[in-house]
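# Structural characterization, general
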Amino acid sequence: FIPPPHCSLSLSLSLSLFFSLSLSRSLSSPPSLICVCVLPQISEALVSLREILQQLTNQRALIEEDIHVSFEELHKTLDVRKSVLLMELEVTYGLKQKVLQAQLDTLLHGQGGIIDTCTQTEKALSGEASAASLQAERGLGEKLGELASQGLPFQAEENDQLDLLMEAEGLRKSIHKLGTIITTSAVASQSEASGVGLEQCIVGLPACVTITTRDKAGGPCRSGNAILSAEVCTPDGSVADGEILDCKNGTYDFVYTVNKEGEFSLALRLYDQHIKGSPFRLRVTRSPDPEGAKRRGKSPGSGSKKKGSRRTGSALGTSRRKENPIEDDLIFRIGTKGRNKGEFTNLQGVSASSSGRILIADSNNQCVQIFSNEGEFNSRFGVRGRSPGQLQRPTGVAVHPNGDIIIADYDNKWVSIFSSEGKYKAKLGSGRLMGPKGVSVDQNGHVIVVDNKACTVFIFQPTGKLVSKFGSRGNGDKQFAGPHFAAVNNNNEIIVTDFHNHSVKVFTPEGELLLKFGSNGEGNGQFNAPTGVDVDVNGNIIVADWGNSRIQVVSYLDIQYQRRCDGVGVLCW
Ligand SMILES: *[C@@H]1O[C@H](CO)[C@@H](O)[C@H](O)[C@H]1NC(C)=O
Ligand SMILES: *[C@@H]1O[C@H](CO)[C@@H](O)[C@H](O)[C@H]1NC(C)=O
C-alpha cells in the first residue's frame with residue numbers, strides 16, 4: 001500500500017490528536033491509514049466547523065444590530081411619550097391658569113373700583129355738607145351698590161390639582177426582562193428520535209416522532225427553540241406535510257401525514273445536520289381496516305393510478321371527470337426532481353407576475369426559480385443561509401404590483417423582499433413571525449403573511465410596519481388548525497387554506513370571518529389537507545387539495561349565494 005503524496009502531512013499530526021479523533025481505531029494503525037481515513041475526515045470537519053463558526057459570528061453581528069435598533073426604537077417611543085405628557089401638562093395648566101387668572105383680574109378690578117368709590121365717599125363725607133356733596137354722596141352710594149351687585153366671583157372657579165400618575169413599576173419589570181438571547185447547546189450527533197412514526201405510518205393518518213435534543217456530552221437539553229427540520233421524501237419529492245411542535249423542554253414532536261404508500265426516507269435535521277440515525281427508513285402502508293382500504297382504493301388520490309397518466313390526462317379531479325364541467329387539459333408542465341436549474345426539490349409556492357413570469361419557491365433547493373409564461377427556465381436566485389438576504393426554507397412567493405418579489409422563509413421566520421432582478425432589499429416580520437408559509441399581496445399593496453406556526457394571518461406594509469393581524473390556534477371562528485397559504489380576491493377578501501381543518505376560510509380585509517367551506521373527505525367540495533390557493537379573474541377560488549392529489553375550483557357565485565342566504569355559513573354543494 002502506497003500512501004498518496006499529501007499523506008506525509010500526517011506525520012506532523014500529534015498522537016494525542018490522532019487518538020482523540022479516532023478512538024475506535026486500533027492503536028497499531030499504520031500511519032498510512034491515518035492519511036487515508038482520518039485526514040479527509042479532519043478536512044470535512046474543518047469545513048463544517050468553519051462554516052458554523054462563520055455563521056455564529058454573522059449571527060452575533062446581526063443580533064447586535066437588532067438590539068441597537070430595537071432599543072433605539074424604544075428610546076424614540078419613550079421620547080415621544082415624554083413630549084406628549086409635557087404637552088398635555090402645558091395645555092392642562094394653561095386652561096386652568098387662564099380661568100384662575102381671569103377670576104383674579106375680575107376680583108382685582110372689582111376691588112379697585114370699590115376702593116376708589118369708598119375713598120371718594122370718605123372724601124365727600126369729611127367735606128362740608130352741602131347740597132352738592134349730598135348729591136355726590138347719593139351717587140357714590142348707588143355706584144357702590146352697583147359694584148357690589150355685580151356678583152364678584154368670590155369662590156375659586158378652578159382648582160390647583162395637577163398630578164402625575166406613572167404606573168411604571170410593571171413597565172420597569174418588563175424592561176428588566178426585555179429581550180432574551182435564544183440558543184441551545186444541542187448537537188445533532190447526540191440528539192435522537194423515537195416513536196413508531198419513525199419507522200411506519202398509515203396513509204392519511206397523522207403520525208408522530210419525538211425528538212430529544214442533547215448536548216455534546218449527551219446530557220438532555222431542557223429548553224426549547226432549537227432549529228429543527230423534518231422531511232419525508234422519495235426521489236420524486238416530498239410526500240408528507242407536518243409540523244414540528246416545540247414542547248419547550250428540549251423535546252420536539254414532529255407530527256406529519258403521508259399521502260401515499262411506499263418506502264420513504266425520513267430525514268430529521270438539527271441545525272442542518274442529521275441527528276443520530278437520520279435519515280430513517282419509513283414504511284407507509286394503507287389502513288389495515290379492509291373496508292377503509294377498499295374505499296380509499298377507489299379514490300382519485302389513491303396513488304393506485306400511474307402518476308404520468310394522471311398528470312397528463314388531467315390536472316384537476318379525475319374520477320368524477322364526467323361531472324366536471326371545467327376544461328382541464330394540461331398546457332405544459334415544468335421541471336423534474338433535482339438540484340439543477342429548472343429542477344425542484346420540494347417546491348412550495350407559485351406566483352405569476354404581471355409581466356408574464358412564473359415564480360416558484362423551491363424550499364429544499366433554497367431558491368426561487370423563474371420561468372417564462374411558456375414554461376422556459378429563465379433564472380433563479382437565492383443563497384442558502386440564516387442572514388438577511390439569504391434563504392433557508394422559502395415556501396411562499398408573491399409579486400408586488402411594484403415588481404418586487406416577496407418570499408416567506410419558513411425557517412428564517414421572516415419575509416424577504418427582493419427586487420424584480422433578485423437583488424435583496426429588506427426583510428419584514430423578523431422577531432414576530434414564527435413560521436411564515438404563504439404570502440400574498442392585497443389591493444392596497446399590503447403583504448399578507450400566513451404564519452403557519454402561530455396560526456395567524458399578518459398584514460404588513462411593504463416597509464415592514466404591521467397593519468393588523470388575526471387568528472389563533474383552534475377550531476373556532478377566526479381560528480386556524482394549520483393555515484398554509486392565502487389569496488386575495490377583487491373585494492380584497494382574504495382566502496386562507498386550513499390544512500388541518502381541511503377547509504378554506506374567507507375573511508374581510510378587517511379579519512372578520514365571512515364564510516368557511518370544506519370538510520375532510522374525498523367528495524366534491526371536500527378536502528384532504530388543502531395547501532395552495534388562488535383566485536381567478538372571475539373570483540373563482542382555486543384550491544390545491546394536496547391529500548387528494550387534485551385541484552378544486554370553487555365558484556364565487558355559489559359563495560355569494562350562500563352568503564346572501566346564511567350570512568356566515570358552510571357552502572353547500
Ligand atoms: C416535555 O413536554 C412534553 C409535553 O408537555 C411531555 O409530554 C414530555 O414528557 C416532557 N419531557 C420531558 C423530558 O420533560
Ligand atoms: C374544523 O373546524 C370546525 C369548527 O369550525 C370543527 O367543528 C371541526 O371539527 C374541525 N374539523 C377538523 C377535522 O378538525
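Residues numbered from 1 in each chain as written. Chains lettered and ligands numbered in written order. Predicted model: local features only at pLDDT ≥ 70, side-chain atom pairs only at ≥ 80, totals over all residues. Heavy atoms only, no water.

## Considering the site of ligand 2
Around ligand 2, the neighbouring residues are Asn475, Asn501, His502 and Lys516. At 2.4 Å, a side-chain N or O of Asn501 approaches an oxygen atom of ligand 2. Take Lys516: an N or O atom from its side chain is 3.1 Å from an oxygen atom of ligand 2. When ligand 2 sits alone it has 360 Å² of accessible area, and the protein chains cover 48% of it. (Near = heavy atom within 4 Å. Polar contact = N/O pair within 3.5 Å; in protein donor to acceptor, adjacent residues only side chain to side chain. Areas by Shrake-Rupley, 256 points an atom, 1.4 Å probe, with all protein chains shown as cover.)

## Quick word on the packing of aromatic side chains
The full count for this structure, using the stated rule, is 10 aromatic pairs. Both rings, one in Phe371 and one in Phe377, keep their centres 5.8 Å apart while their planes meet at 80°; by these two values the pair is edge-to-face. Among the residues examined, Phe371 registers a relative accessible area of 2% and is labelled buried. For Phe377, a relative accessible area of 31% corresponds to the partly exposed category. Aromatic pair Phe499 and Trp546: ring centres 5.8 Å apart, planes at 45°, arrangement tilted. Linking Phe499 in the loop between strand 26 (494-498) and strand 27 (503-507) with Trp546 in the loop between strand 30 (541-545) and strand 31 (550-554), this pair joins segments that are 47 residues apart in sequence. (Phe/Tyr/Trp six-rings, centres within 6.5 Å; stacked < 30°, edge-to-face > 60°. Buried < 20%, exposed > 50% of the residue type's maximum accessible area, 1.4 Å probe, protein only. Helix = DSSP H or I, 4+ residues; strand = E, 2+ residues; numbered from the N terminus.)

## Remarks on the side chain of Asp451
Note on placement: Asp451 falls in strand 20 (residues 447-451). As a buried residue without a salt bridge, Asp451 has its nearest oppositely charged side chain in Arg473, at a separation of 7.8 Å. In terms of polar contacts, Asp451 uses its side chain to reach the backbone amide nitrogen of Met434, at 2.6 Å. Not counting residues up to four positions away in its chain, the partners in contact with Asp451 are Arg432, Leu433, Met434, Gly435, Pro436, Thr456, Phe458 and Pro483. (Lys, Arg positive; Asp, Glu negative; His and termini not counted. Salt bridge = Lys/Arg side-chain N within 4 Å of Asp/Glu carboxyl O. Contact = heavy atoms within 4.5 Å.)

## Here's the deal with the site of ligand 1
Cys247, Asn249 and Thr251 make up every residue found near ligand 1. Residue Asn249 places a side-chain N or O atom 2.3 Å away from an oxygen atom belonging to ligand 1. Compared with its free state, where it exposes 360 Å², ligand 1 has 31% of that area covered by protein.

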